[in-house]
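Results of the structural survey
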Amino acid sequence: MPFRFSILALSFLLAANVAFSREESRTTPRGSATSAPALPVPVPSVAAAESGGSAPAGETLRGTAAYALHAPARPGTPRHAPATAPPDRTSAAATREEADTLDITTWEYLCRYRDSTGGGISHPDTLCISVAGIRLHTLESVPALGRSGRYAPDTTILQRAERNRRLYDSIAAKTSRRAVPRLLYKMLFVRPVLDTTDNGRVLDEDRLFEPYAGKTIGEIAIAREQVFSPDGNWFERTGNNVHVLTRDRVIRRDLLFRPGDKVDPQILVRNKQLLRSRAYISDAELEIVPDPLDTAIVNIVVHTRDSWTISADAGFHSEGRTMFSVYDANILGMGNKLSVKTHFDRNDFGYGGNIVEYEIPNLLGTFYTAAFSAGRDFYNSELKLGLGKEFIKPTDYEVGASYEEVKEKYYLVDRDTSELGKIHAVDIWGGRSKYIVPIRSSVYVTGRYSRAHFSLRPQVGPEYNPAFHNTDNLLFGVGLYREKFYSANLVYGYGTREYLATGYNAELVGGYSWGEFDELMYLGAGLKAGSFRPLGYVMGGISFGSYIDLSTGAWRRSAVDIDLRWFSNLFVFRRNRIRQFLSLNYTQGWNRYSGSEEVLRFTRENGLRSLREDVTGINRAVLNTETVFFTPYQPLGFRIALFGFADFGLLGYHANPFRNEFFASFGIGMRIKNERLIFNAIQLELGFAVGKRGWLDSRYVRVSNQTRMEQYRYLPTRPEIVGFR
């Protein structure tokens, strides 16, 4: 079995010497890499602010990164919430004398007011960001604000951060006396800072924007940042110099709103999720700035931070075949991906061929994805063309077309051999959705035509190897769906904010298949739903499908698939964060034909991780459990997660799954990931497999670059035939 792993270029491995949490709480202004277009806002002078006055009516500042942002009304309130009208400004002068003062290059002037009863902060005012040379005044009683404006989760984290700071100060002082230790310190250490992403809270970010729902969007500014800190060490600065910053128009073409649109909280959250899903963006934030001259208008600042997008991969296959590839997911800052794969024989270094892939994730701002790949390697060759758009908004459409001409080796499990096959495939699909306000869901209809013809294939017959039959399929789907995003962290990622979908999708599928040996009708249905519950996130899905011979009424090649998933809330054990994952899959087939694709096996998605043996059947049940420890260690900016797993499976040909053969695998592993880099998590597994027959053929050591579980979505897609594999 082939495996792949990421090869990190040495020169930029050290450039990753930055912790994600470090950047989240820096005081460097958001627009340090490239300034946002100026937004017209009233800005009081320093003297006026200190005396309680304000700038003359209508006076505005148009300058670099100059805009006003309303601060939260109380600690813990999201910064997007509108501030309560402040009391008399005359108390600001007395407050200033009790404040601490900190010089920074770009200043943030935070005006806060004392309660009339003579105590703490009651009504924060407006946060004004202006030009250099001013001092930052902050009250000791004001909770610490991170770079994104979020409040610290609790004082325990503050105390731990202070202890870490003193430790690092001690190490820095001892290594600063000589040149070599000082250089090593800068290369290998990053200063620990307050990490506001490790609290595990699940947030409904729609509520952050609800106070502005229905208001008109005025100006839209883009503030882009480089991958690493601009004042970091030499490796970080070199990485920024090599990296091409994502262009302004590339960010703008991914926006789901335009000037003049009404603020829709769900669309804004969906847009944040869309931006973060791009391979070239590691962080994205939407900041609402109320217009001071018109309360019905708000301006929006889009903050983005780039990812490191240059990478190299390698794959080692049987018979000495080896693949090496390099790619860049942000060519010239355009957001497009170019990949070049080279194949050779590692035994004699014989040349095997090249494959070139190019992808445009958003063609000319239409949200169409265009993809192309062509080339060959040893026995295989491919030519793939695709253009399509998926559902994005509740009322939307999808459309797409693809063509494939692929020659590759197919493993025939029933004969334990491999044979070449060459397929010519055409796929055309489309659909439309409409949001229904009373039920807060969207109804949709979809259609699809697909054609698959083989010019080279294994042996086939009327009821043998139907996966290699020449067929034309016409399918239609109708359904109802709802999807809403919540933000969390330390689920599938390693500290960055993640957007997890909740909702449901209920669909009916029907159609007709014209095959070279028969003509059959197809019927199918599916239902999946998921949400956050008190004990964590729960998702369930079931799908059923079958062909029907209209001449005899017989059901052919029927299949049912049941999928259940759960992950727990985040637990805290000392400095570690712990999350438990569980998934259950059950697949069964009836009236199946014979052939290699007509039986079930343990797969990477639904299988036992350490089991190497190929076992077949028509009834499969798999239970996967995994416990993940997110450690606080961040060597060279990479976060480390340790995990243990236990997988259990039943597979065989008996209709009762408990009478089929039992298998199990156990193991431990480690994942390493830097969220600022495009590289997948590097994963090392150690495990073994057992069964009724005792010790089984196992993958004792496995290195890969893919995590175990993937995020779940409820968007409708083109109609599908229920899979059986």
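The preceding data block contains the structure.
Described below are features of the structure shown in this document. Note that the structure is a prediction, hence the values are computed from the model and not measured.

**As for the nonpolar core**
Within the largest apolar cluster, 43 residues are counted, with the highest numbers of intra-cluster contacts made by Phe257, Leu268 and Val302. Here the element with the most residues in this core is strand 8 (residues 281-290); it accounts for four residues. Leaving out residues up to four positions away in the same chain, Phe257 has contacts with Ile217, Ile220, Leu268, Asn271, Leu286 and Ile300. Listed in part, the 18 residues of the second largest apolar core include Leu475, Leu520, Val622 and Leu696.

**Quick word on the packing of aromatic side chains**
Tallying each qualifying case throughout the model produces 20 aromatic pairs. Note on Tyr410 and Phe468: the rings are 5.1 Å apart at their centroids and 85° apart in plane angle, and the pair reads as edge-to-face. Of this pair, Tyr410 sits in strand 16 (residues 396-412) while Phe468 is found in the loop between strand 18 (441-456) and strand 19 (471-488), placing the two residues 58 residues apart along the sequence. The residues Tyr410 and Phe468 share a single accessibility class, namely buried. Ring geometry for Phe688 against Trp695: centres 5.0 Å apart, planes inclined by 10°, an arrangement best described as stacked. Assessed through its relative accessible area of 29%, Phe688 is described here as partly exposed.

**Considerations on unusual backbone geometry**
In this structure, Phe367 is a non-glycine residue whose phi angle is positive, near 65°. Tracing the backbone through its elements, the reader meets Phe367 in the loop between strand 13 (351-360) and strand 14 (369-377). Backbone geometry at Arg440 places phi at a positive 50°, although glycine is not the residue there. As for its position among the elements, Arg440 is in the loop between strand 17 (417-436) and strand 18.

**Things to note about the environment of Phe643**
Tracing the chain through its elements places Phe643 in strand 27 (residues 639-652). Residues Phe643 and Glu626, spaced 17 residues apart in sequence, show a C-alpha to C-alpha distance of 6.7 Å. Every residue in contact with Phe643, bar those within four places of it in the chain, is listed here: Glu626, Thr627, Val628, Ile668, Gly669, Met670, Arg671, Gln683, Leu684 and Glu685.

**Focus: the sheet that holds strand 8**
Taken in spatial order, the three strands make up an open sheet running 7-9-8, and their pairing is mixed. Whereas interior strands pair on both sides, the edge strands pair on one side only; in this sheet they are strand 7 (216-225) and strand 8. With direction set aside, neighbouring strand axes in the sheet form an average angle of 20°. Alignment of strand 8 against strand 9 (residues 297-306), held across nine bridges, turns out to be antiparallel. The residue bridging Ile281 from the neighbouring strand is Asp306, located in strand 9. Against the sheet, helix 10 (residues 265-277) makes contact with strand 8 and strand 9, and its axis sits at roughly 155° relative to strand 8, the strand it touches most.

Parameters at a glance
- Residues numbered from 1 in each chain as written.
- Predicted model: local features only at pLDDT ≥ 70, side-chain atom pairs only at ≥ 80, totals over all residues.
- Heavy atoms only, no water.
- Core = buried A, V, L, I, M, F, W, Y, C linked by side-chain atoms within 4.5 Å.
- Buried < 20%, exposed > 50% of the residue type's maximum accessible area, 1.4 Å probe, protein only.
- Helix = DSSP H or I, 4+ residues; strand = E, 2+ residues; numbered from the N terminus.
- Contact = heavy atoms within 4.5 Å.
- Phe/Tyr/Trp six-rings, centres within 6.5 Å; stacked < 30°, edge-to-face > 60°.
- Pairing = 2+ DSSP bridges.
- Axes fitted to C-alpha atoms, helices over the stretch in contact; angles between N-to-C directions.

So far we have only geometry, and geometry alone does not tell us how the molecule works.
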